[in-house]
Amino acid sequence: ARKGGCTGDYCGTLVIAGAGEPDILVPPVTSLSPSRDVIEQLFLKLADLGLSGNTIGDEDFQPLLAERWEWDTPTTLVFHLDPRARWQDGRAVTAADVAFTYDIYTDSLVNSPVRPTLRQIAAVTTRDSLTVVFRFRQRYPEMFYDAVYHMRIMPSHLLREVPRSQWRTAVFGRAPVGDGPYRFVAWRSGESLELAADSTFFLGRPHLRRLVWRFTPDQQVAVTQLIAGDADAVEVLITPDNRDRVRADTQLAIYPYKGVAYGYLWFNFAAPGDTTQPHPLFGDRELRRALVMTVDRGGLLRNVFGDMAKVPPGPMSQIFSIWDPETRELPHDSARAARTLTRLGWTDSDGDGIRDRDGHPLAFRLLVPTTSAPRRQYARLLQEQFRAMGVDVQLDEVDFSVFNERAHAGRFDAMLNTVNTDPTPSSGVPQSWTRAGFGGLNYGRYENPAFARLVDRAVTSVRGRDEAKRTWRAAIEVLNQDAPAIFLFATENAAAVHRRVADVRIRPDSWLALVRTWRIPADRLTDRDRVER
Amino acid sequence: MNVWNWLAVGGAAVLALVVVAEIRRRTGARASGRRFFRHPTAAPAVFVLAFFVTVALAAPLVTPYQPYFQIDIARLANHPPSTQNPLGTDPLSRDVWSRLVYGARISLGIGAIAMLVAVTTGVVVGGVAGYFRRWVDATLMRLVDVGLAMPRMFMLLMVVALWEHVPLAVLVLLIGLTGWFGTSRLVRAEVLSVREREFVAAARALGAEPGRVIFRHVLPNAAAPIIVSAALGIGNVMLLEAGLSFLGLGVPSPAPSWGNMIADGFPKMAVAPWCATFPGLAISLVVMALNAVGDALRDALDPRKETA
Amino acid sequence: MAAWLVRRLAASIAIVWAVVTLTFLIVHLAHGSPCGQPDGLPVSPAICADLTRRFGLDKPISTQYYKYLGALLHGDLGWSIALQRPVAAALAEALPNTFALALTALILDFALGVALGVYQAARERRFGDIALGNVALFVNSMPTFWLVLCPQVHAFSCVADFAWHLTLPALTLGLVGAAGTARYQRAAMLEVVRQDFVRTARAKGLRERRVLLRHALRNALLPLITLFGLTFPFLLTGAVLVETVFAWPGMGRLAVTAILQRDYPIVTAAALVASVMVVLGNLLADALYGVADPRIRVRAT
Amino acid sequence: MTSSAAALVDVQGLVKHFPGERGAFGLGRPRAVVRAVDDVSFAIASGQTLGLVGESGCGKSTVGRTILRLIEPDAGRVAIDGVNVLTLGGRELRALRRRMQIVFQDPYGSLNPRLTVRQTLAEPLAIHHLAAGADAGRRIAALLEEVGLDPGFAKSYAHELSGGQRQRVGIARALSVEPQFLVLDEPVSALDVSVQAQVLNLLADLQQRRRLTYLFIAHDLAVVKHVADHVAVMYLGKIVERAPGPQLYAAPRHPYTTSLLSAVPVPDPKAQRPRIVLTGDVPSPAQPPPGCPFHPRCPHPKKDARCRTEPPALREVAPGQLAACHYAEEPL
Amino acid sequence: MTEPLLRVRDLKTYFVTEHGSGTARAVDGVSFDLHAGETLGLVGESGCGKTVTSLSVLRLIPEPPGHIRPGSFIEFAGRNLLTLAPRELRAIRGNQIAMIFQEPMTSLNPVFTVGYQIAEAAIVHQRLSRRAARTRAIEMLKLVGIPDPAQGVDHYPHQMSGGMRQRVMIAMALVCHPKVLIADEPTTALDVTIQAQILELLERLQAELGMAIMLITHDLGVVAGSADRVVVMYAGQVVEQAPTPELFARPLHPYTEGLLASVPRLDAPPARARGRLHGIPGQVPAASDWPGGCRFHPRCPYAWDRCRDEEPPLLDAGAGEPGTHTVRCWLLTEPQRRTARAPLP
Ligand SMILES: Nc1ncnc2c1ncn2[C@@H]1O[C@H](COP(=O)(O)OP(=O)(O)OP(=O)(O)O)[C@@H](O)[C@H]1O
Ligand SMILES: Nc1ncnc2c1ncn2[C@@H]1O[C@H](COP(=O)(O)OP(=O)(O)OP(=O)(O)O)[C@@H](O)[C@H]1O
Ligand SMILES: [Mg+2]
Ligand SMILES: [Mg+2]
């Protein structure tokens, strides 16, 4: 790098290191978080969540594409688009784009992952080129959230011709044209992806001139690159080891924020690969409960995460407002677990250390993605804890894509899953733990009508936050007694960012949501910042 | 680690020393034996191998824990070496020394068995091709060409990754079956040259049948490069297994192999370097020893080296 | 000469064809569904059927095979499921990276290896020889990815540019290679140095340097050509571990990722590239032999 | 001495052509056919020695080996005591091998380095079920004694022996099956003169004691003169002259024989012999010259166009003496 | 007598074998002179130290394992070669003293043209240009009788036959017109007819160029035909040394005698032709353990106690000038013992 180059307030370059690479930069068809991070800078929502994280009502939401909105009726929401908004090819963003976007998101051929969350919206129509009207089927607490949070507006003039079944392979997805603060520059597979600030962005020119994602094999390497100075930011440190390494480096600052992820061992209620049959082991509620009680979740958590996570009292991340440590769960009680197993007929009759019944050993395979170090560690710890209980667990450690494919196809006995949640449980929990998620995200095919009823009530008909919380807690306690999973951890996040970056603000649900306001003061620029392209 | 374990380790070291001395004494009478130990690192190399084989065989005596036993996951994870855990504990609070010793069984076992498979196949194919020549030779060697045209690692990865749940035995077999191409070339060349030597003609002139000619005259004299390549091959297999494990496709957890120990310890390198360092050193040491033994064998089995 | 070349090429093509067929079989015998998406999202049955049709997976394997070969003959390597782009494009991106890495490593490997080997041979059994020999043995005995740990631990502070990122993996590959090459070269040198013509050269009153570097080395390089022919393709496709550890976006990593992700078109294409490289390496070695060894050169013409 | 009834060994029209090998990887162009042995005939009476001489590469060893069927000939007939060796099946051939044996030139290459002398000698006994156990031990000791080696050598490996000792072991191995006929393929060429003398003496003694028949292959005419009753001279795969020893040495008829004899250095500084120095090298048997194969180097003053075009037949030019030269009647 | 060109005195070249079997005293006190223009034959059986002697002269002994013992002395044109600086030694090698070897097949470098290899010495010693060197190489090839030298100069060794290669070796050795040519068994690997060609060539070249030749061979016939004087070696020592006619007429050392009697002779009278040869019993001992006393005594038909106990010096046989015929044998002091045994006919 030579001296000179870029100087001033709009020069910074932020290199973000992290494991994982986007699949495709088309908002409706991707749910990978690396994709979402990039997409966030390219495509705008109508409005976005505020720093409070409140999803109920519309008071805490910030305008983005829509400069303002009003309620015509309790179920009719009218957005007025910002006339300054432009696609990066120069076209104006119009109401038609919004209607088109809704159409795409709800198309069954496109099959967007967020389609279920839009089911309460009856229609989206345009009133004029800058006015859009959302009509809801019913009134409920998070209706505004549903209207704005899930959809990123797409350029209809560029995408209308793409057949709906081919959105997942659209060429656009590797060279997108957006309307956000950054525009796409380059994507080198397996290596890096680069965005450049759109200096004419209508909500204000971003201070950081370039955003570069550097893809690393895992989080460990990402932190190493950060410490080596090859990168400026890492989204999450995950383990105390990483945190301590970062802490030791005076160039780096740590920004803690609430985690959106929780992880659990998921029992498959159906036979692997055959959803019509119950699972030979996990169809048995008593057995599942015994397995849950076998595991010392606190010990495991301390081993893997130290103090950087908590044991969740159910399927929830720390960002949820319903997080309640008082929720009733099955205890860690290996003696009781052993008694239960014995009572169920599972005893070690042949002395090989593994319990068996009718000549079948008590054994199952655990599906783990190789890409996640914490989950691999959990898998090994669990393996040993189960072995001590006389349960033989073999690990299927597979690549992430294979993990997902098998999970979706139900080809597993048990799997170690992690979920990145929305800011609210309202759509995520039903999709993962009720019949609504069958064939969808409910890979384990758990269902319990009592639980489903409670959840439905919590989502649609409660009044006020307290009642919501109470209802949710009741629902989760029902779930916990059924032991469909072993809830292992809910993360606590800490991002690490180079100290020359100022004004770092992180919104827990999406850490780079506010990156356009981050800046590197002119006097702290390094060669990397100054370099001309 | 208790007193008895320490004593057992010492015993193993002494035994290894005795083995070296004994081998030296027994082979000292022969010129090849003297040539072998003339190699500067031959004796230490034999010692290293003997030591690892001994502790591996006597694993329960020299180790305080079972290899998969998690001592205390909350408090004893990632502990640096101490008298209790001479090589420290790993992230799962397992004793690295115990795993290393039990891992020796697996790693050395894989190396030896896979090599045996490879060498056997290679000798048979190469011997057949070299002895029968003509179309048999041509066909087999084309096959070998194809085998050599595919990087071994790549081939293994493909099979192991695409067919799920590959049991250890099959993995070993696969490693062996992808490793004989070079050997068969070597054997063939050697057989072709040995069968032209006059003592082979003499044996045939005496009325020896083909079997006797091959097994008594041709193969024993073609053995030197085969033995050498086998010694080197064991090391290669161990490195290969380590590589596979590193990519998550080697010996499955919780069984310890040096390869998967490194792979598991690798991400913890910054905070718990002992987890990957010791198995890494063990591999390096053993492979180095095998290489040294291979080199020394090369000298020992090559009578031309006598005048050197 | 022309006839020889034609025969060689025919044999080479046959080998490549065999490798591709083998890979195709292995891959298709283990074939899963293409409907799994990298993000694991449910794929609607309509799309799944569409994909199946597009990849021809509903046809019998023989039909698929002929189709694949046919496409291959037209230079069409297929479409990567995981990368969502033409396989050729992915290869075109990875190959230059790999070439850069392999070439750097190769130069390092042979320059250093040959120099060390010659030096060791010249000082046979003296301190320099034995010390270097043991160092080489040690480096050669390390798992490559293990060697990598050192730079990983001691974070290097540096500018993030291509040249620098090339340095570490190339250094690793080159060093490990050089350690092996040096041992090889030393043995070859010692073999040659004992030969009569070296004595002849000395008897002529040549300087030792000229004897070693001109008379002996020229001959000792011949066996190294074989090694070169073997190393060249290995560096291109076999540097799987190093590329993975250093996250170097080359062929090796592409292949491994594809294997792990069950991205069959890339896997088959990578096998194709690998075998082509091996065959090319052999051809190259033979050609070099011809250049370097007059005994072969004259026979071939 | 063409195929006489008394002959133990009778070779008729022996031909062996080696196909040219292909080059690297079996893909190169096949090289020209080597006519290693091209219509060779001779017979050896029981108890006699035929010396076969010629320059390197002229096909002497190939003759010896095809007779024993260590190499399969392309054409011809080889009879041992009337039995055609070339038509025998595997089992019969192995049985016949008790009657004919071979001793090789290279004392280093002809013994299996992995076997002790005892094992080497025990093998033929085992193959032909001649002796086992203590009996074999006694026979081995006797054999060693017979070839002039201390029975203590039985424990030694080949590399522990000197060249002469190895050659003796090779001879003992050949003798172990009590053959009638020995092919001696340059048995002394690799030995020092003093040792050579010992081995030659040994061979002579054995021949007398056991009434052996020898085909003695050599390139040293002096040695052959010393051991052979009859001598055949080969040039490029063909016999160019054949005669009883004394006759051949006294009056060679073929110019090649004459030049060969004159080229042999004699350890006597006073000997004033006319030395004929041939020009040029031995041509390759892969591209033999047309006509008389010797014509390019022939020093005969009458050499003419006929020599270049018409191959001379091997014919009787004096009683008992055959030569293949158009001008054999006018020797140099 | 004139001053010798090359004077070797008490040359001892030992090899230290690495595995404890001791020191091989390959050459153990060899002395001889080589005069300008003469041909000196050096004969002896395999392993008696002929090659090591010749290599020692040019200090081409591989070190380790070999070394020339202090006290040895090799004088060439008034200078001791053994104490010369490497640089000065190189100026002599290939320039003043040249050497050809036994194996023409392996003594030429396969990867260079013969022309280059011939010219190289001239390039190094006489600083010839490439062109001039090539012209010189062609001249040399013509000199040694290679047909079509202008073409042959660009050939590689493998394109030539054994005889041609040996000619190339000779051309290479003679390119700088050395004063001494050491020929170590130059014809052993060749057929007799080719051997005759090469010997003839050497004779002719010696007549033309006038160099001294040290002809090493195990073939007494070759020596008889080519050498002016003969040195017979046994077990690392000179055992007899005499002008050629004298040696063959009056061999005094029992070893020389035995050698002569071992050779089957083409000129033997027919009566003797198929009789027994009189070989020397036993075999040459290993260089690492020569017998004490006279080294030949275990194989000697005349040996008595003194031979076992006392090593004989080189004794003058008293023919012509002193030093003309010397023999290392006690028989010279007690000639009656020879007739008493009369082992040879
Ligand atoms: N196995 C073989 N394949 C091809 N050619 C061969 C083979 N064996 C011998 N030849 C060729 O046949 C010819 C005669 O060889 P042979 O060994 O019989 O000669 P020779 O007279 O015994 O020579 P020498 O004195 O060198 O032993 C030579 O040109 C040789 O190259
Ligand atoms: N490099 C060496 N290392 C050890 N010993 C050697 C070496 N070179 C020669 N010798 C020993 O020196 C002795 C003399 O060898 P030399 O080569 O001079 O014999 P030679 O008379 O030339 O025999 P030949 O006729 O076989 O060439 C031999 O006994 C040999 O063992
Ligand atoms: Mg022969
Ligand atoms: Mg010699």
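Criteria and thresholds
Residues numbered from 1 in each chain as written. Chains lettered and ligands numbered in written order. Predicted model: local features only at pLDDT ≥ 70, side-chain atom pairs only at ≥ 80, totals over all residues. Heavy atoms only, no water. Helix = DSSP H or I, 4+ residues; strand = E, 2+ residues; numbered from the N terminus. Buried < 20%, exposed > 50% of the residue type's maximum accessible area, 1.4 Å probe, protein only. Contact = heavy atoms within 4.5 Å. Areas by Shrake-Rupley, 256 points an atom, 1.4 Å probe, with all protein chains shown as cover. Lys, Arg positive; Asp, Glu negative; His and termini not counted. Charge placed at Lys NZ, Arg CZ, Asp CG, Glu CD. Patch = residues over 30% accessible without salt bridge, like charges linked within 9 Å, V, L, I, M, F, W, Y side chains within 5 Å. Salt bridge = Lys/Arg side-chain N within 4 Å of Asp/Glu carboxyl O. Axes fitted to C-alpha atoms, helices over the stretch in contact; angles between N-to-C directions. Parallel < 35°, antiparallel > 145°, perpendicular 65-115°, else oblique. Nonpolar A, V, L, I, M, F, W, Y, C, P; charged D, E, K, R; others polar. Near = heavy atom within 4 Å. Polar contact = N/O pair within 3.5 Å; in protein donor to acceptor, adjacent residues only side chain to side chain. Left-handed = near helix turned anticlockwise from the far one by under 90°. Pairing = 2+ DSSP bridges. Phe/Tyr/Trp six-rings, centres within 6.5 Å; stacked < 30°, edge-to-face > 60°. Lys NZ or Arg CZ within 6 Å of the ring centre and 35° of its normal. Core = buried A, V, L, I, M, F, W, Y, C linked by side-chain atoms within 4.5 Å. Disulfide = S-S within 2.5 Å. Expected span 1.5 Å × (residues − 1).

**Student:** Can you walk me through the overall build of chain B in this structure?
**Tutor:** Per the secondary structure count, chain B includes 13 helices and zero strands. Along chain B, from the amino end to the carboxyl end, the secondary structure elements read α-α-α-α-α-α-α-α-α-α-α-α-α. Overall, chain B is about 75 × 50 × 30 Å in size when its C-alpha atoms are taken along their principal axes. Looking at chain B as a whole, 61% of its 308 residues are labelled buried. Considering only contacts in chain B between residues 6 or more positions apart, those separated by 24 or more positions represent 72%. A total of about 11700 Å² of accessible surface is found on chain B, and carbon and sulfur atoms cover 70% of it. Placing the 26 positive and 17 negative side-chain charges of chain B at their respective mean positions leaves the two points 6 Å apart.

**Student:** Can you help me understand a positive patch on the surface in this one?
**Tutor:** Taken together, the side chains of Arg207(C), Arg209(C), Arg87(E) and Arg127(E) make up a positively charged region of the molecular surface. Mapped onto the fold, Arg207(C) is located in the loop between helix 8 (196-203) and helix 9 (208-238).

**Student:** Hey, could you run me through the arrangement of the chains in this one?
**Tutor:** Ranked by contact count, the leading pair among the eight pairs of chains in contact consists of chains D and E. With no contact between them, chain A and chain D keep their nearest C-alpha atoms 40 Å apart. For chain A and chain E, which are not in contact, the least C-alpha distance works out to 47 Å.

**Student:** In this structure, what is going on with the packing of helix 1 (residues 3-27) of chain B against helix 2 (residues 31-38) of chain B? I would like to understand it.
**Tutor:** Helices that pack against each other are described as a pair by the angle of their axes relative to one another and the distance between those axes. Residue and element names in this part refer to chain B. Remark: helix 1 packs on helix 2, axes separated minimally by 8 Å, with the N-to-C direction vectors making an angle of 140 degrees. In this view, helix 1 runs oblique relative to helix 2, as classed from their interaxial angle. Residues Val20, Ile23, Arg24 and Thr27 of helix 1 pack against Gly33, Arg34 and Phe37 of helix 2. Of the residues in the contact of helix 1 with helix 2, the class split is three nonpolar, two polar and two charged.

**Student:** Could you clarify how one ought to interpret the site of ligand 1 in this entry?
**Tutor:** All names here are of chain D. Near ligand 1 lie 13 residues; those nearest to it are Gly57, Gly59, Lys60, Ser61 and Thr62. At 3.1 Å, a side-chain N or O of Ser56 approaches an oxygen atom of ligand 1. Separating an oxygen atom of ligand 1 from a backbone N or O atom of Cys58 is a distance of 3.2 Å. For ligand 1, whose accessible area on its own is 640 Å², the fraction buried by protein is 64%. Every element with two or more residues in the shell around ligand 1 is listed here: strand 2 (34-45) and helix 1 (60-67). No other element matches the three residues that helix 1 contributes to the shell around ligand 1. Grouping the amino acids of the shell around ligand 1 by side-chain chemistry returns five nonpolar, five polar and three charged.

**Student:** Whenever I open this one, the packing of helix 7 (residues 152-162) of chain B against helix 12 (residues 264-292) of chain C confuses me. Can you help?
**Tutor:** Between helix 7 of chain B and helix 12 of chain C, whose axes approach to 11 Å, the crossing angle comes to 160 degrees. With respect to helix 12 of chain C, the axis of helix 7 of chain B lies roughly antiparallel. Here helix 7 of chain B runs over helix 12 of chain C; the crossing is left-handed. Residues Phe154(B), Met158(B) and Leu162(B) of helix 7 of chain B form the contact with helix 12 of chain C, whose participating residues are Tyr264(C), Val267(C), Ala270(C) and Ala271(C). A class-by-class count of the residues in the contact of helix 7 of chain B with helix 12 of chain C yields seven nonpolar, no polar and no charged.

**Student:** What is the right way to read the side chain of Arg253(D) from this model?
**Tutor:** All names here are of chain D. Along the chain, Arg253 turns up in the loop between helix 8 (245-250) and helix 9 (255-263). Buried and unpaired, Arg253 has Glu329 as its nearest opposite-charge partner, separated by 5.8 Å. For Arg253, the contacting residues outside a window of four places in its chain are Glu241, Val317, Ala318, Gln321, Ala323, Ala328, Glu329 and Pro331.

**Student:** How do you make sense of the pairing of strand 1 (residues 7-18) of chain D when you look at a structure like this?
**Tutor:** Moving residue by residue along a regular strand, the side chains alternate between the two faces of the sheet. All names here are of chain D. Strand direction decides the pairing type here: strand 1 and strand 2, joined by nine bridges, are antiparallel. By the bridge assignment for strand 2, Asp10 is matched with Ala43. Looking at chain direction, strand 1 and strand 4 (residues 75-80) are connected through five bridges and run antiparallel. By the bridge assignment for strand 4, Val11 is matched with Val78.

**Student:** When you look at the interface of chain D and chain E in this model, what are you seeing that I'm missing?
**Tutor:** By a widespread convention, an interface's size corresponds to the accessible area lost as its parts come together. Between chain D and chain E, the contact holds 43 residues from the first and 44 residues from the second. Where chain D touches chain E, the interface holds zero salt bridges. Summed over the shared surface of chain D and chain E, the number is twelve residue pairs in polar contact (both at pLDDT 80 or more). Of all elements in the fold, only helix 6 (193-210), helix 7 (221-227) and helix 9 of chain D reach the threshold of two or more residues within the side of chain D that touches chain E. Broken down by element, the residue count for the side of chain D that touches chain E peaks at ten residues, all from helix 6 of chain D. Partitioning the side of chain D that touches chain E into residue classes produces 21 nonpolar, eleven polar and eleven charged.

**Student:** Is there a simple way to think about the environment of Leu395(A) in this case?
**Tutor:** Residue placement: Leu395(A) occurs in strand 19 (residues 392-398). For Leu395(A), a relative accessible area of 10% translates into the label buried. Residues contacting Leu395(A), with those up to four places away along its chain left out, are Arg365(A), Leu366(A), Ala379(A), Arg380(A), Gln383(A) and Ser253(B).

**Student:** I would appreciate a short explanation of the environment of Phe246(C) in the present structure.
**Tutor:** Among the structural elements, Phe246(C) can be located in the loop between helix 10 (240-245) and helix 11 (251-260). It is 7.9 Å that separates the C-alpha atoms of Phe246(C) and Leu168(C), two residues lying 78 residues apart in sequence.

**Student:** Any chance you could explain the site of ligand 2 here in plain terms?
**Tutor:** All names here are of chain E. In the vicinity of ligand 2 lie 13 residues, with Ala26, Ser46, Gly47, Thr51 and Val52 positioned nearest. The contact in question runs from an oxygen atom of ligand 2 to an N or O atom on the side chain of Thr51, over 2.5 Å. In isolation ligand 2 exposes 630 Å². Once the protein is present, 70% of that is buried. Tallying contributions element by element places helix 1 (residues 50-57) first for the shell around ligand 2, with three residues. Its residues assigned to classes, the shell around ligand 2 shows six nonpolar, four polar and three charged.

**Student:** When you look at the packing of aromatic side chains in this model, what are you seeing that I'm missing?
**Tutor:** The geometry of an aromatic ring pair comes down to the distance between the two centres and the angle between the two planes. Under the defined criterion, the tally for this structure stands at 47 aromatic pairs over all chains. A cation over a ring is seen here: Lys45(A) above Tyr149(A), with NZ or CZ 3.6 Å from the ring centre.

**Student:** Just checking my understanding: could you explain the sheet that holds strand 5 (residues 76-81) of chain A for this structure?
**Tutor:** Within a beta sheet, neighbouring strands are joined by backbone hydrogen bonds and run either parallel or antiparallel to one another. Residues and elements named next belong to chain A. Strand order in the open sheet formed by four strands is 4-5-7-6, with antiparallel pairing between adjacent strands. Two strands lie at the open edges of the sheet, namely strand 4 (66-73) and strand 6 (121-128), each paired on one side alone. Each strand axis lies, on average, 20 degrees off the axis of its neighbour in the sheet, ignoring direction. Across six bridges, strand 6 lies against strand 7 (residues 131-136) in antiparallel orientation. In the sheet register, Thr126 faces strand 7, and the bridge partner there is Val132. Each of strand 5, strand 6 and strand 7 is contacted by helix 2 (residues 95-105), which is oriented at about 165 degrees to strand 6, the strand it contacts most.

**Student:** Is there a simple way to explain a nonpolar patch on the surface in this structure?
**Tutor:** Together, Trp163(B), Leu25(C), Leu29(C) and Ile61(C) give the surface a local cluster of nonpolar side chains, amounting to about 370 Å² of exposed area. On the basis of relative accessible area, Leu29(C) is assigned to the exposed category, the value being 58%.

**Student:** What's the story with the nonpolar core in this structure? I'm lost.
**Tutor:** The nonpolar side chains of a soluble globular protein tend to be buried, and buried together. Membership of the largest hydrophobic core comes to 252 residues, with the highest contact counts inside it found for Phe36(B), Leu157(B), Ile175(B), Trp258(B), Val286(B), Ile171(D) and Phe216(D). Judged by nonpolar contacts, the second largest core, of 83 residues, contains Leu25(A), Leu193(A), Leu195(A) and Ala513(A).

**Student:** When you look at the state of the cysteines in this model, what are you seeing that I'm missing?
**Tutor:** Residues and elements named next belong to chain E. One pass over the full model with this rule turns up one disulfide over all chains. The thiol of Cys300 is unpaired, and the distance to the nearest cysteine sulfur, on Cys307, comes to 6.0 Å. A relative accessible area of 16% means that Cys300 is categorised as buried.

**Student:** How should I be thinking about helix 6 (residues 134-148) of chain B in this particular structure?
**Tutor:** For an α-helix, the turn length of 3.6 residues means that residues three or four places apart are oriented alike. For helix 6 of chain B, with 15 residues, the first-to-last C-alpha span of 21 Å sits near the 21 Å given by 1.5 Å per residue. Along helix 6 of chain B, the positions that sit buried rather than exposed are Val136(B), Asp137(B), Leu140(B), Met141(B), Val144(B), Asp145(B), Val146(B) and Gly147(B).

**Student:** How do you make sense of helix 1 of chain E when you look at a structure like this?
**Tutor:** Counting buried positions along helix 1 of chain E gives seven out of eight residues, so the element sits mostly inside the fold. Lys50(E), Val52(E), Thr53(E), Ser54(E), Leu55(E), Ser56(E) and Val57(E) are the residues of helix 1 of chain E that are buried.

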